[in-house]
Amino acid sequence: MRSAHFPRPSVSNLTVLLGILFVSPALNRSIHAQAASEEEIVVTAEEVPTAYGAPPGLSRSRLSNTTQAYVLPPWAFFFGEIFEGQGFRHGPPDYLFTQEIEMGLPYRFGVAAESKFERFNGGGGAETVSLEARWALADWNKIPLNPTLFAEYKFGVGTIRHEERPPPPGGGEEEEEEEEGGPPKVPDAYEVRLLLAQEFGGRFEWAMNWFFEKENTGDRGREWGFSQAVMTPVLLPNERLKVGLEMLYKNFTTKDTRGDPLNSFVIGPTVAWKPTASTRLDVSPLFGCTDDSPVADVFVVFSWLFGNERAEAEAPVSTRFRYLSDVSYSRSGKDSGKEMKQVAYVPPCPEWYGDREWNVNLWGTYAFTNTEFAPNPSLVDIVQSTSEGGPVLGTYDRYIGGDHAWGGGGDIKYFFCRYAGLGVEGFALDAHKPGFDIFEDQAVPIFVHRRINHNHTVGAVLGTLTLRYPIPCTRFAPYAWAGVGAIFGGGERDTLHTQGPPDAFAVNAQTEHFGSETKVLGQFGAGLEFRFSRHVAMINDLSFGVIDGPKNNFGMFRSGLNFAF
């Protein structure tokens, strides 16, 4: 603030000046108001995505591929595609694919959802679906190391394809038991973590996680350990490139091995590159240091940070980020010396969703069932067990078949208001279902048997009701929907009829084949939409289909594009 300096008036002008001041006080106030308005400073801060004063690098949900830190800014969204490849000293490698989305909430809260898929030894499918929550105890730097509490619940939706421990020498009995009863299901589990994070010297960002996880069923596995990472910017401006070091230690036991834990420790370099201000690519090749560790554990993560578009820019602790200011001058183009004030400029909030609009969605889908056909059942055992009244076919899905199917679909909806819309949805799945064909006649005698595979397309058409909530001043809209319609093309099955004594080599047996059926389908789900522009968006969601009993029901992940007009 500066005071104004005027030249001393002469005696001849003094009378005129006094008259103006006494006769026109209103005019005088108007002149000052005009001068003040002309000399406002408009501060246009560079938008810096920081959470409660934390440096931007510690406000992205993950500091590195194995280590999470602090919380997101309110109404910011973090979306990550995570690949992990593990190479072992025994057996084939294991590949894990994870899709994660997290939302920052006020008062230092955050919620997230995560789905994980596995590819191992030629098979693959969904493994878990998780719900997460975290809460930072205070604003940044109010408490040393900025502790944050984290809780997660994992729902097992697939089968166990790879055990934590190496297979026992000789295998044998365990493998036979598993084959007869079918692969065990992934158990539900819960996990708690303590997240610590700090910036040192304005250059080094550090985070550490302590975690404990316990399975609710099965072998009741327990896992505890820690991950740690440190990062620093190099070479590129605006911290577009960072390098560092990270490590991960895990101690794992089951109910039968509490005194003999598996100790895994991996360590290696990590690199983070930001192609744009909102996106980041992280690569971390970690290497095992113990006999129980993978030979290599490689992470590749691509992430986006969106939202918080109208939130006030917060000054981070690091001095590497500055505000930009634009001073508007008076009409004369010079500083008039009058008192100046600062005015924060907040841009108008963009409208990404219309009050009335048509939406056309195109998406790919992955469907997973509640049950799985027992692998490689013996056809002789099928005859034997059926004649004894207890077929050993295992549990299998009775409509789609197998344990999963890929497909695609689309829907069209009309939103008659911003929050609700009606539509029609259709999808098709490429399904495969194993089966058998057996014929045995003791009068001939003859025994004909072969395995068959039902390759079929399962389709559905539904009418839907969709409810959504476009979050103000963001590109995001959580939504939920429910629909009812018909599903067709599935339900093929094989039934074996036997007559005679309970002996696989003395009965008469014949397989009866049943074709596809059309059934009523109910479907409900929830997801998140992100608008790239007013007319193009990305959608991701999870739904459940109800047909006719638990052995027919299925889950479905969808990901695709929405075109709004």
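Peer 1: What's the story with the overall build of the protein chain in this structure? I'm lost.
Peer 2: A tally of regular secondary structure across the protein chain gives 4 helices and 25 strands. In the protein chain, which comprises 565 residues, the proportion classed as buried is 44%. For the protein chain, restricting intrachain contacts to residue pairs at least 6 apart in sequence, the fraction spanning at least 24 positions comes to 66%. About 28,400 Å² of surface is accessible on the protein chain, with carbon and sulfur atoms providing 61% of the total.

Peer 1: Looking at this model, I keep getting lost on empty space enclosed by the protein. Mind explaining?
Peer 2: Which parts of space are left empty comes out when a probe the size of a water molecule is rolled across the atoms. According to the stated counting rule, one finds 4 cavities of 30 Å³ or more in the structure shown. Taken as a whole, the largest cavity encloses approximately 150 Å³ of empty space. Along its surface, the largest cavity is lined by 16 residues, and Asn361, Asp411, Lys413, Thr466 and Tyr479 are the ones closest to its centre. For the lining of the largest cavity, the secondary structure elements donating two or more residues are strand 16 (357–369), strand 17 (404–417), strand 19 (446–468), strand 20 (476–490), strand 24 (536–546) and strand 25 (554–564). Of the residues in the lining of the largest cavity, the class split is 4 nonpolar, 5 polar and 7 charged.

Peer 1: I keep staring at a nonpolar patch on the surface and nothing clicks. Help me out?
Peer 2: The grouping of Tyr107, Phe109, Trp135, Leu137, Ile143, Leu149, Tyr190, Val192, Leu194, Trp210, Phe212 and Trp224 at the surface amounts to a nonpolar patch, some 1,100 Å² of accessible area in total. Contributing elements (two or more residues each) for the nonpolar patch: strand 7 (189–200) and strand 8 (204–215). Element by element, the count of residues in the nonpolar patch is highest for strand 7, at 3 residues. Residue position: tyrosine 107 is located in the loop between strand 3 (94–105) and strand 4 (109–120).

Peer 1: Please clarify how the sheet that holds strand 8 should be interpreted in this entry.
Peer 2: Within a sheet, adjacent strands bond to each other through the backbone by hydrogen bonds, running parallel or antiparallel. With antiparallel pairing, the 12 strands of this closed barrel are ordered in space as 2-3-4-5-6-7-8-9-10-11-12-13. Between one strand axis and the next, the sheet turns through 20° on average, direction left out of account. Looking at chain direction, strand 7 and strand 8 are connected through 12 bridges and run antiparallel. When the bridges of strand 8 are listed, leucine 196 appears paired with methionine 208.

Peer 1: Explain the packing of aromatic side chains to me, please; I cannot follow it from the model alone.
Peer 2: What characterises a pair of aromatic rings is the spacing of the ring centres plus the angle enclosed by the ring planes. This model, assessed by the stated rule, comprises 22 aromatic pairs. An aromatic cluster is present here, built from Phe117, Tyr366, Phe368, Trp406 and Phe557 joined pairwise through their rings. Over the face of the ring belonging to phenylalanine 150 we find arginine 193, whose NZ or CZ atom lies 4.3 Å from the ring centre. For the cation-ring pair, arginine 558 lies above tryptophan 363, with the distance from its terminal atom to the ring centre recorded as 4.4 Å.

Peer 1: I keep staring at the environment of glycine 354 and nothing clicks. Help me out?
Peer 2: With respect to the helices, strands and loops of the structure, glycine 354 is situated in the loop between strand 15 (342–344) and strand 16. With 116 residues separating them in the primary sequence, glycine 354 and proline 470 have C-alpha atoms 9.6 Å apart. Discounting residues that sit within four places of it in the chain, glycine 354 has contacts with Arg418, Arg468 and Arg534.

Peer 1: Please clarify how the pairing of strand 4 should be interpreted in this entry.
Peer 2: The side chains of a regular strand alternate between both faces of the sheet. Where strand 3 meets strand 4, 12 bridges bridge the pair, whose relative direction is antiparallel. Within strand 4, the residue paired with glutamate 100 across the bridge is glutamate 114. From the end of strand 3 to the start of strand 4, which pair antiparallel, there are 3 residues, and tyrosine 107 there has a positive phi angle of about 60°. Where strand 4 meets strand 5 (residues 123–136), 12 bridges bridge the pair, whose relative direction is antiparallel. Bridge pairing in strand 5 places phenylalanine 120 opposite glycine 123.

Peer 1: Please clarify how the pairing of strand 6 (residues 148–156) should be interpreted in this entry.
Peer 2: Taken together, the 9 bridges between strand 5 and strand 6 define a ladder with antiparallel strand orientation. Bridge assignment links tryptophan 135 to a residue of strand 6, and that residue is leucine 149. As paired elements, strand 6 and strand 7 share 7 bridges and run antiparallel to each other. Directly across from threonine 148, in strand 7, lies its bridge partner leucine 195.

Peer 1: What am I meant to see in unusual backbone geometry here?
Peer 2: Comment: phi is negative for the bulk of residues other than glycine, and the bulk of peptide bonds are trans. The phi angle at tryptophan 75 is positive, at roughly 65°, despite the residue not being glycine. With respect to the helices, strands and loops of the structure, tryptophan 75 is situated in the loop between strand 1 (41–43) and strand 2 (76–87). Positive phi, close to 60°, is recorded for leucine 235, a residue that is not glycine.

Rules used throughout
Residues numbered from 1 in each chain as written. Predicted model: local features only at pLDDT ≥ 70, side-chain atom pairs only at ≥ 80, totals over all residues. Heavy atoms only, no water. Helix = DSSP H or I, 4+ residues; strand = E, 2+ residues; numbered from the N terminus. Buried < 20%, exposed > 50% of the residue type's maximum accessible area, 1.4 Å probe, protein only. Contact = heavy atoms within 4.5 Å. Areas by Shrake-Rupley, 256 points an atom, 1.4 Å probe, with all protein chains shown as cover. 1 Å grid on protein atoms, 1.4 Å probe; cavity = no way out; pocket = protein on both sides within 12 Å on 5 of 7 lines; lining within 4 Å. Points joined across faces, edges and corners; volume = space filled by probe spheres on them. Nonpolar A, V, L, I, M, F, W, Y, C, P; charged D, E, K, R; others polar. Patch = residues over 30% accessible without salt bridge, like charges linked within 9 Å, V, L, I, M, F, W, Y side chains within 5 Å. Salt bridge = Lys/Arg side-chain N within 4 Å of Asp/Glu carboxyl O. Pairing = 2+ DSSP bridges. Axes fitted to C-alpha atoms, helices over the stretch in contact; angles between N-to-C directions. Phe/Tyr/Trp six-rings, centres within 6.5 Å; stacked < 30°, edge-to-face > 60°. Lys NZ or Arg CZ within 6 Å of the ring centre and 35° of its normal.

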